[in-house]
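Letter by letter, the chains look like this.
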Amino acid sequence: MRRQVDLALGEKWLFLCEIRLQENETPSHVLMECNLARAVWFSITGWSADDTIPFSVWTQSWFDDLHAKRITINEICRRAIITWCLWYDRCDKAFQNSNPNLERTILRARSFISDHLKQYTTQHVSPSRVCRSNIHWTPPPLDVVTINIDGSFSYLNNIGGIGLMCRNFASEQQAAECIYLMEIRNASQAECMGLWEAVNLAERLKLEKVYFQLDAKVVVEAVNNNTSIDWQLLNLVKDIQSFFGRFLFWKCSYISKEGNKVADTLSKLARDNALSVAWSGFSPVEIRSQLSRDKTYVLN
């Protein structure tokens, strides 16, 4: 029932706010009072705006409530994320003439809220002590090939790189690639694009049994369990899942950075040198020493 109400409010908002764009709008209207804003707030929090309270007064009350311990810091972050998503849609309408979509706005807000809660939980859980020196790359079973994947990203100029290393049970290189990326948004996009390039590499090599390993838990969980990820990557995740069905056997798993050093080196090589190149018969000099160390873990 709430979904039907939300969609009805959203459709009504599109008409009203196209007219309002020609007038002087207030923050209260854009972020609290218009029908889309009301529908988004109600769908995510169950809250309905009070038309008598200005937006500035309402936001100030958040911190009074926090001080009085009536709400938590996570609740303030949730409200701030919803506010930002509404403002983002408004800017798209004003500058790109792109009509907002209620379901997309709700999905985006919920995704960002979920990401925040995961980060908050991770930062506030005491990590168990692990001897990192004992973590290393492990070769796959006899009839399986492993493709290690890494995506690197630079916040300074929105460029990145992908590193792929394909090896068999004897740690022998089957293929390696560097792929340079431009105009990307974040590290998750680089990692997700890396996994997409890896499944394409596996198909080109006609591999049947493949382990895909990367050090991006968010991407691994999204592919395996359909957990929350940047909404703009959802179609790419679905394409990857569809590709997996073409293999006789596949496994996509998380690996620590210590076990993914070769792919990590290749991704940074691509990013820092604007390099896109593939190797088959030999290895670039930058990874040879690490490949030799990884070979020492092959069981005779």
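Structure shown above.
One structure accompanies this document, and this report is about it. Everything numeric in this text was worked out from a predicted model, so none of it was measured. (Residues numbered from 1 in each chain as written. Predicted model: local features only at pLDDT ≥ 70, side-chain atom pairs only at ≥ 80, totals over all residues. Heavy atoms only, no water.)

### Considerations on the pairing of strand E3 (residues 173-182)
- For E3, a buried count of 7 out of 10 residues is recorded, marking the element as mostly surrounded by other parts of the structure.
- The sheet contact formed by strand E2 (residues 159-167) and E3 spans 9 bridges and is antiparallel. Its bridge partner being in E3, Gly-163 is matched across the sheet by Cys-178.
- Where E2 folds back on E3, the antiparallel hairpin that results is connected by 5 residues, among which Ser-171 adopts a positive phi of roughly 65°.
- As paired elements, E3 and strand E6 (residues 277-279) share 3 bridges and run antiparallel to each other. Looking across to E6, one finds that Cys-178 is bridged to Val-277. (Buried < 20%, exposed > 50% of the residue type's maximum accessible area, 1.4 Å probe, protein only. Helix = DSSP H or I, 4+ residues; strand = E, 2+ residues; numbered from the N terminus. Pairing = 2+ DSSP bridges.)

### Comments concerning the packing of aromatic side chains
- On inspection of all chains with the given rule, the structure shows 13 aromatic pairs.
- One aromatic cluster is present, formed by Trp-41, Trp-47, Phe-55, Trp-58 and Trp-62 through successive ring pairs.
- A cation sits over an aromatic face here: Arg-246 above Phe-243, 4.0 Å from the ring centre.
- One cation-aromatic arrangement involves Lys-251 over Tyr-211; the distance from NZ or CZ to the ring centre is 5.5 Å. (Phe/Tyr/Trp six-rings, centres within 6.5 Å; stacked < 30°, edge-to-face > 60°. Lys NZ or Arg CZ within 6 Å of the ring centre and 35° of its normal.)

### Here we look at the sheet that holds strand E5 (residues 249-254)
- Read from one edge of the open sheet, 6 strands run E5-E4-E1-E2-E3-E6, paired in mixed fashion. Edge positions in the open sheet fall to E5 and E6, since each of these has one partner strand only. Each adjacent strand pair in this sheet contributes to an overall mean axis angle of 15°, direction not counted.
- Bridge analysis of strand E4 (residues 209-214) against E5 gives 6 bridges, and the strand direction is parallel. Residue Gln-213 lies in a different strand from E5, and its bridge partner there is Ser-253.
- Here helix H7 (residues 187-204) sits on the sheet in contact with strand E1 (145-154), E2, E3, E4 and E5, set at roughly 150° to E1.
- Relative to the sheet, helix H8 (residues 217-225) contacts E4 and E5, its axis offset from that of E5 by approximately 145°. (Axes fitted to C-alpha atoms, helices over the stretch in contact; angles between N-to-C directions. Contact = heavy atoms within 4.5 Å.)

Taken by themselves, the reported measurements are silent on function.
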